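Listed below, chain by chain, are the residues.
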Amino acid sequence: MDSLHQLLRQPANVVIVTHKNPDGDALGSSLALAAVLTKLRHTVKVVLPNDFPPLFNFLPGIDNAIIGEMNPTEAVEAFENAEIIFCLDFNSLDRIDRFGLDVMASKATKVLIDHHLDPEPFADHIISKTTASSTAELIYDFLVDMKLDTYIDVQIAEAIYTGILMDTGSFRYGTNERVFEVAAALKRLGMDDYLLQIRLFNSMTEKQLKLLGHCLANRMDLISEYQTGIIWLDRNDYKEWAIGRGDTEGIVNYILMVRNMKMAVFISEQQNVTKLSFRSKGNINVQEICSKYFNGGGHRNASGGQMKASVQDTLAKVREIIPLTMNSYQLQHDQ
Ligand code: 5GP
Ligand code: MN
């Protein structure tokens, strides 16, 4: 912390980069840190490997973020000029696609702040706490430790709270004592939690709600023997429903609302790759499954991965590994 404190004493060119397909935590933590460092007269650029869901339009400074996929030259230039690079909410450089090479090549001091399992040691300073609810929680603590929390205004508090809310499903999982304290501190700063609930969870479009209905009615398979459910969407669904970024967010969680379901898999056939999202309850470790079979990772109860295969082949692979994996657990029915 002392050396980080030193590092941030003089205004510097700072880049904050977060993972591909940025979610509420990636965006909230990055934009909160960016806003504080900007107040300290650093020149801050936030780089997102690709675009963000429109749901997060309200976050402070999001319009100034560089979307790497759309403006690669600007993104590369930002990395080249950076003196400090913050890597937030990801644990390995392949999570930022081609920009991983830019981070690796850069002479900047690199700071990783993250809560995923098994962080790769690519940074000079690593703040990794896998018991943290979210990277946003870690950003709050980082600001406190750096004595910068006095710079947190209402908008920054909203950004931090957004990260916490999205990664804990509104305090339903992944919580700890500290995150409730952080929430209280943010509320004391005037953050309107009720407003954020409405913005984040009661803001679906009609299309999104109907797509959810389609998934539950026509694309869901619950395998009760293995207490696992699968939902899939193929390329045709993407076309027919004009599915955009963020439209499928959270659909995987519905499976775990079914009594006795312990693992949920969401499979979506995207342009070059089929993406998988895993969620689980209790001791079922989906991080292990994602890193072993699907070139991915994340957390014990929420992970993701991908396959260079069609949705049908991916489904077959998932069906194959479900018995292998679930048989190693003592499956119990919910109490
Ligand atoms: P989601 O299923 O919402 O995309 O992601 C769930 C969690 O797994 C997130 O914490 C996310 O960062 C992580 N994750 C998602 N996809 C991947 C992936 O392809 N590789 C790795 N290492 N982590 C992923
Ligand atoms: Mn996160």
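Fair warning: this is a prediction, and the values are worked out from it, not measured in the lab. Here, residues in each chain are numbered from 1, in the same order as that chain's written sequence. Chains and ligands are labelled by the order in which they are written, letters from A for the one and numbers from 1 for the other. Selection of residues for local features in this predicted model requires a pLDDT of at least 70, selection of side-chain atom pairs for listing and counting requires 80 or more, and totals for whole chains, interfaces and linings are taken over all residues. Hydrogens and water molecules were not included; the side-chain quantities draw on all heavy atoms of the structure.

Peer 1: Where do I start with the domain arrangement of the protein chain in this structure?
Peer 2: Size of an interface, as often reported, equals the accessible area lost when the parts are brought together. Partitioning the protein chain into structural domains gives domain 1 (2–201) and domain 2 (206–326). Start and end positions for the domains come from either an automated domain assignment or a database one. Using C-alpha coordinates to define each centre, domain 1 is positioned 26 Å away from domain 2. On the side of domain 2, nine residues touch domain 1, which itself brings 13 residues to the contact. Carbon and sulfur atoms make up 49% of the area that domain 1 and domain 2 hide from each other, which totals about 850 Å². Criterion for a salt bridge: a side-chain nitrogen of Lys or Arg within 4 Å of a carboxyl oxygen of Asp or Glu. Across the contact surface, domain 1 and domain 2 share zero salt bridges. Any pair of N or O atoms that falls within 3.5 Å is considered a polar contact. Within protein, one atom must be able to donate a hydrogen and the other to accept it, and sequence-neighbouring residues count only if both atoms are side-chain atoms. Linking domain 1 with domain 2 are six residue pairs in polar contact (both at pLDDT 80 or more). Two residues form a contact once any of their heavy atoms are found within 4.5 Å. Buried area counts how much accessible surface, traced with a 1.4 Å probe, disappears from two parts once they are put together, with both parts' losses summed.

Peer 1: What exactly am I supposed to notice about the site of ligand 1 here?
Peer 2: In these notes, residues near a molecule or strand are those with any non-hydrogen atom within 4 Å of it. Taken together, 14 residues surround ligand 1, and among them R95, H116, K275, S277 and R279 come closest. A distance of 2.9 Å separates a nitrogen atom of ligand 1 from a polar atom in the side chain of K275. Within the side chain of R279, one N or O atom sits 2.8 Å away from an oxygen atom of ligand 1. Contact with the protein chains covers 85% of the free accessible surface of ligand 1, which is 490 Å². A run of H or I in DSSP counts as a helix once it spans at least four residues, and a run of E counts as a strand once it spans at least two, with each numbered from the N terminus. Contributing elements (two or more residues each) for the shell around ligand 1: β10 (274–280), β11 (297–298) and β12 (302–307). Looking at the shell around ligand 1, the element that brings in the most residues is β12, giving five residues. For accessible areas, the Shrake-Rupley method is used with a probe of radius 1.4 Å. Any residue's cover is judged against the shown protein chains and nothing else.

Peer 1: Teacher, can you tell me more about the coordination of the manganese ion (ligand 2) here?
Peer 2: Octahedral six-donor coordination of a metal ideally yields angles of 90 or 180 degrees, compared with 109.5 degrees for tetrahedral four-donor coordination. The donor set comprises N, O and S atoms within 2.8 Å of the metal, extended to 3.2 Å for Na, K and Ca; water molecules are omitted, so apparent gaps in a site may simply reflect that omission. Around the manganese ion (ligand 2), the donor atoms from the protein are D25 (OD), D89 (OD), H115 (NE2) and D167 (OD), and they sit 2.2 to 2.4 Å away. The motif formed by the donor residues of the manganese ion (ligand 2), counted along the single chain, is D-x63-D-x25-H-x51-D. Highlighted residues: D89 in the loop between β4 (84–88) and α4 (99–105) and D167 in helix α6 (residues 154–168), separated in sequence by 78 residues. D167 shares its class with D89; the two are buried. Burial classes follow relative accessibility: with a 1.4 Å probe on protein chains only, a residue under 20% of its type's maximum area counts as buried, one over 50% as exposed, and anything between as partly exposed.

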